[in-house]
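# Overview (structure and organization)
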Amino acid sequence: MKTISVSCVANVSTEKAWEKMRDLSKPHFYVPGVTGAVIISTQKEGIGTSRRIFSSRAPLIETVTAWNEGRGFTLKLHSDDGDGIPPLFKKASFQYALEPLSKYQTRLTNCMNFEMKWGKLGHLLSGFIMRSMRQMQENIITAQKEYYETGKSQKKS
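Residues numbered from 1 in each chain as written. Predicted model: local features only at pLDDT ≥ 70, side-chain atom pairs only at ≥ 80, totals over all residues. Heavy atoms only, no water.

To continue, consider the overall build of the chain. Within the chain, the secondary structure is distributed over two helices and seven strands. What you see in the chain, going N to C, is helices and strands ordered as β-α-β-β-β-β-β-β-α. Taking all 157 residues of the chain together, 41% fall into the buried category. Sequence-distant contacts, at least 24 apart, represent 52% of the contacts inside the chain between residues at least 6 apart. (Helix = DSSP H or I, 4+ residues; strand = E, 2+ residues; numbered from the N terminus. Buried < 20%, exposed > 50% of the residue type's maximum accessible area, 1.4 Å probe, protein only. Contact = heavy atoms within 4.5 Å.)

Turning our eyes to something else, we now look at the pairing of strand E7 (residues 105-116). Relative to E7, strand E1 (residues 2-10) runs antiparallel, the two sharing nine bridges. Looking across to E7, one finds that Cys8 is bridged to Leu108. By the bridge criterion, twelve bridges tie strand E6 (residues 89-102) to E7 in an arrangement that is antiparallel. Paired with Lys91 across the bridge in E7 is Glu115. Here E6 folds back onto E7, and the loop between the two strands holds two residues. (Pairing = 2+ DSSP bridges.)

In this section: the confidence of the model for the chain. Residues at a pLDDT of 70 or more form 90% of the chain, whose mean pLDDT is 89. Averaged over each element, pLDDT in the chain is lowest for helix H2 (residues 119-150) (86) and highest for helix H1 (residues 14-21) (98). (pLDDT = per-residue confidence, 0-100.)

Another point: the side chain of Gln137. Counting through the fold element by element, Gln137 comes out in helix H2. Taking the relative accessible area as the measure of exposure, Gln137 reaches 2% and is therefore buried. Here Gln137 is in contact with Ile4, Val6, Phe94, Asn110 and Met112, once residues within four sequence places are set aside.

Now for the nonpolar core. Formed by 36 residues in total, the largest nonpolar core has its most connected members in Phe73, Phe114 and Tyr148. Elements supplying a minimum of two residues to this core: E1, H1, strand E2 (34-39), strand E4 (60-68), strand E5 (72-78), E6, E7 and H2. In terms of residue count, the dominant contributor to this core is H2 (seven residues). Excluding residues within four positions of it along the chain, Tyr148 makes contact with Val12, Ala17, Lys20, Met21, Leu98 and Leu108. (Core = buried A, V, L, I, M, F, W, Y, C linked by side-chain atoms within 4.5 Å.)

Looking at H1, one finds that the buried residues are Thr14, Ala17, Trp18 and Met21. Summarising the axial view, the buried residues of H1 lie within an arc of 100°, below the 170-degree limit, and thus occupy one face. Relative to its buried face, H1 has exposed residues pointing more than 90 degrees away, namely Glu15 and Glu19. (Arc of directions from axis to C-beta.)

Moving on to the pattern of salt bridges. Inspection of the entire model under this criterion finds six salt bridges. Among the ionic pairs, Lys145 bridges to Glu149, the shortest N-O distance being 2.7 Å. Remark: Glu149 and Lys145 occur in helix H2; sequence separation between them is four residues, near one turn of the helix. Under the relative-accessibility criterion, Glu149 is labelled partly exposed at 31%. (Salt bridge = Lys/Arg side-chain N within 4 Å of Asp/Glu carboxyl O.)

Relative to the helices and strands, Ile141 is located in helix H2. Discounting chain neighbours no more than four positions away, the residues touching Ile141 are Val6, Ser7, Cys8, Leu108, Thr109 and Asn110.

The following block contains the structure:
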């Protein structure tokens, strides 16, 4: 399993950051390329909550597998049947975490965990795509920081 981790400091209280983070219907406010999201489970937050993510590619499903109230969560990426994810990946998940630094500052940390398909070939390919995947994660956390601080969508397609 490979991990890409990025973090930054946002000038916002952890409570205010959590208010925005916990709203699973708004990833398009800070994830470049995402055009919308719909909660598809009966529950709106917590373990088991699922959302469908829309972009220029085929829709994906993300399901919450861990929930730490006020501090973050983990999303498993999968298809409607619970398996099958984007062509390159055997498994993929995203962790979003908040760490209070002061009354008005919070460390945001996002981790993408993934395992490539195709065995050794996939392992070799992962080395080539790590730079672009890291850049994508850095773009997300930068837009996320701006959204948490301003409350305005930072959508960049």
